Each structure stands twice: as C-alpha cells, then as structure tokens.
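Analysis of the macromolecular model
The primary structure of each chain is shown beneath.
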Amino acid sequence: SENVALLPENLQKRLPLMIEEDWLSSYKQIDAIDRTFQRVSRRFSRENSLATAVEELTRNYTQFEADFQSFFPELIEFVSSTRDLL
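In what follows, the accompanying structure is described. None of the values given here were measured: they were computed from a predicted structure. (Residues numbered from 1 in each chain as written. Predicted model: local features only at pLDDT ≥ 70, side-chain atom pairs only at ≥ 80, totals over all residues. Heavy atoms only, no water.)

A look at the pattern of salt bridges
Scanning the model with the defined rule gives three salt bridges in all. Between Arg59 and Glu56 there is a salt bridge whose closest N-O contact spans 2.8 Å. Within this pair, Arg59 and its partner Glu56 are both found in helix H4 (residues 53–59), separated by three residues, close to a single helical turn. Overall, Glu56 belongs to the partly exposed group, its relative accessible area being 39%. (Salt bridge = Lys/Arg side-chain N within 4 Å of Asp/Glu carboxyl O. Helix = DSSP H or I, 4+ residues; strand = E, 2+ residues; numbered from the N terminus. Buried < 20%, exposed > 50% of the residue type's maximum accessible area, 1.4 Å probe, protein only.)

Structure, rendered in structure tokens:
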C-alpha cells in the first residue's frame, strides 16, 4: 500500500516477514509475547527489565485487559473521525 513509504526504512524491510509469519496474530499467546520481550531485551546495550516483562503482564493481565477494553473503542472512533482528514 502507499502507506508503507511512511514507515521507517528498517520496518519497510521487515514488514514482508511480519506479514508472512503473522506476527500480530501470534501476540494472542503470552509465550509469543514473552519471546518478543526476550528478543527485544537483547537488542539494548544497557541493562533493562524487558526479559522479565511477561511476569508483569501476567500478574496484571486483568487490569491491562480492562484498560484495553476501555481504550480500543475510543481508538476506533478517533481513527474513524480523522480518516478523511489525512
């Protein structure tokens, strides 16, 4: 799509693999999110706590879900109302 050109170059290169391997759908599974946290944590040169972030996610899952359920309809409405402005 024409919007791909708006993405950073590194993401443009990675996008076909993300689509082919359906990365976003994989995030339905906690273990897939954990693997992503692990990979991203290794990319940082400084110490970080991403490697253990899944523990925080699991511990607070109910609240995260409630926040998402509240926020997502607002996001859909915002995108719908601004789509024609772009």
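Overview of unusual backbone geometry
Look at Asp22: it is not a glycine, yet its phi comes out positive at around 50 degrees. With respect to the secondary-structure elements, Asp22 resides in the loop between helix H1 (9–20) and helix H2 (23–26). Judged by its relative accessible area of 41%, Asp22 is partly exposed.

Concerning the side chain of Ser41
For Ser41, the location among the structural elements is in helix H3 (residues 30–43). Taking the relative accessible area as the measure of exposure, Ser41 reaches 10% and is therefore buried. Apart from the residues lying within four places of it in its own chain, the contact partners of Ser41 are Asn48, Leu50 and Ala51. (Contact = heavy atoms within 4.5 Å.)

Observations regarding H1
Of all twelve residues in H1, zero are buried, a share of ten percent or less. The positive-phi residue at the C-terminal boundary of H1 is Asp22, with phi of around 50 degrees.

Quick word on helix H5 (residues 61–82)
Relative to the 32 Å expected for 22 residues at 1.5 Å per residue, H5 spans 31 Å between its end C-alpha atoms, a close match to the ideal helical length. Phe71 marks the point of greatest bend in H5, at about 25 degrees, and the proline Pro73 comes within the next four residues. (Expected span 1.5 Å × (residues − 1). Bend = angle between axes of the 7 residues up to and from the residue.)

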